[in-house]
Structures are given as structure tokens and as C-alpha cells.
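# Coordinate inspection notes
Each chain, written out:
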Amino acid sequence: MRPTEARPTIAAVQNRRDEPELRNTIYEQKTASGRRLTKTRRWAYSVAAPVALSAARLVLGSCRVVRIVGAEHIAESLQRAPSFIPVYWHQHQLFCASYLMELRAQGVKPGFLVSPSVDGEFGAMVIRRMGGEVIRGSSSHTGARTLRDFYQALVHEGISPVITPDGPKGPPWVFKGGALMLAQLSQRPIIPMSYFASRAWHVGWDGFVIPQPLARIVIAVGEPVYIPKGTDAAAMERWQGDMEQRLKALFQTAKSSADLRT
């Protein structure tokens, strides 16, 4: 993706009956495969969404967050602007996202990218029920449009759009450049995050972390990272390496803090 492909203009909004506004002009009820968001499928999703949310809350509630390291960095960022760019590895989605949702009381509006496919509607329903903001798009197939919609949400709507820089398909723990480009365009900070569970299952292509019951959880938040305007391609590559190291260091911080008595 080249910086010139993304124009930070206000995204067109497509309204659909009985639906909130969708921040992606390419979203359609019919996918390339021919599947449609039928009434039956919508009903099935509406039934399954609260079940999935209850299961997630069961996992979250069975664990104990014993420490949050670096929470002051988010407060510092919010003093300068109403939104920021949360960044964490795809495998750390569960508790990092949960922590961001808790920050709604402080004025944070977490936003999550959801596939514009028909099946993506299920994920969108879950996020809305949690109180999060939904941005429809695909980092793999609609990168420039998604970047534009992220910019709109971040700068004009005060939404803090979550980016998992190694998602959605990997390779794991490789920091792709989308978050850096968005930070440069918007002049809003990247805030890296990580978490550690004292015991967990690891599933999927990236070892997605699902904490086991009674696990101790530590969440680590890094310092805000600002990307100067005019940063060239070579400097962007260096920033990618720097952000990878920051996320790895945050994980080690969380892990070492979990070993301490509370």
C-alpha cells in the first residue's frame, strides 16, 4: 500500500434498513460467493451473538486482572486528543480489547475492524452489543478504503480504531505498516498494548491466547508513539522494527509483573 493511495477524506456512509451506519462504501448484502444477508441468516446471527458474548464474558470473568502497567500513558494521550490508535498483536485481542471497553467511562470510544462480508455481520453484532464501534472493511482486500475510513473515525468522530498489525492472517508478530501510515496521516498517537495470562490455551495460526479459569492477568500499556509528517519509506521500515520491539518488551513487562505478589 502506498501513502498516495489513501486520501483522508470523509467516507461515504451507506444506510441500510434496521442497521446502524456502516463506515465502508463497498459493503454489500451480497458477497462475491453469492451469499446474501437473508432474514433467516440475520435472525440466526442475532440469536448467536448474545451466546458468543456470554461465552466471552465467562472467560473474562473467570480470570483476575491483578495489574495494569502504564495506564497513565492513555490518560496522557487523551489530554492531547480525544482519540488514539491502540495496537496489539492479534493473539492478545481478548483482554486488550476488554480493557479498552472498560475505558469508555473515561471517554474512549474503541473501534474494531469487521469484514464487509455477510459473515462479518455476526462479529459486528457482538461488538455493538459490547458497546464498541464497528468499522466495516478488510485490511487484506480494501486497504486504501479501510485506511480512509479509519482516518474518518479517528479524526472526525473521536473513535480509537484498534489495529492488530500482524492480522488477520499473519505472519504472526510481524508489524505491518498500516498503523504507522494512519498515525502519520492523522497525527494521532499509536499506543502499543500487550497482556500476559499466568496460564492459557494457545490456538490458531498465531497462538491466540485464551486464559484458563483463575488465571492471573497483567495488561501492559506502552508510551504514545507519534509518527512525524514527512517520514519517508526507509524511516517507516525502521519504525516497523521499533514497534515490533516495543510490543515484545511490553509482553515481557506484563509477564514479569504477573510474577510479582499483589
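This write-up is about the structure you can find in this document.

Parameters and conventions
- Residues numbered from 1 in each chain as written.
- Predicted model: local features only at pLDDT ≥ 70, side-chain atom pairs only at ≥ 80, totals over all residues.
- Heavy atoms only, no water.
- Buried < 20%, exposed > 50% of the residue type's maximum accessible area, 1.4 Å probe, protein only.
- Helix = DSSP H or I, 4+ residues; strand = E, 2+ residues; numbered from the N terminus.
- Pairing = 2+ DSSP bridges.
- Contact = heavy atoms within 4.5 Å.
- Axes fitted to C-alpha atoms, helices over the stretch in contact; angles between N-to-C directions.

Quick look at the pairing of strand β9 (residues 216-221) now. Counting buried positions along β9 yields 5 of 6 residues, so the element is predominantly enclosed. By the bridge criterion, 5 bridges tie strand β1 (residues 64-69) to β9 in an arrangement that is parallel. Paired with R67 across the bridge in β9 is V218. Taken together, the 5 bridges between strand β6 (residues 190-197) and β9 define a ladder with antiparallel strand orientation. Bridge pairing links M193 to V221 in β9.

The subject of this paragraph is the sheet that holds strand β5 (residues 160-161). Taken in spatial order, the 3 strands make up an open sheet running β4-β3-β5, and their pairing is parallel. Each end of this open sheet is capped by a strand with a single partner; those strands are β4 (133-136) and β5. Where strand β3 (residues 110-114) and β4 come together, 4 bridges link them in parallel fashion. In the sheet register, L113 faces β4, and the bridge partner there is I135. Together, β3 and β4 form the strand contacts of helix α4 (residues 120-130), whose direction differs from that of β4 by roughly 160°.

Our next topic: unusual backbone geometry. The residue after G167, namely P168, is reached through a cis peptide bond having omega 0°. In this chain, G170 is followed by P171 through a cis amide linkage whose omega measures 5°. Here P171 lies in the loop between β5 and α6 (178-186). A positive phi angle, close to 65°, is found at W173, a residue other than glycine. With respect to the secondary-structure elements, W173 resides in the loop between β5 and α6. Residue W173 is classed as partly exposed on the basis of its relative accessible area of 38%. A positive phi angle is found at Q187, which is not glycine, with a value near 60°.

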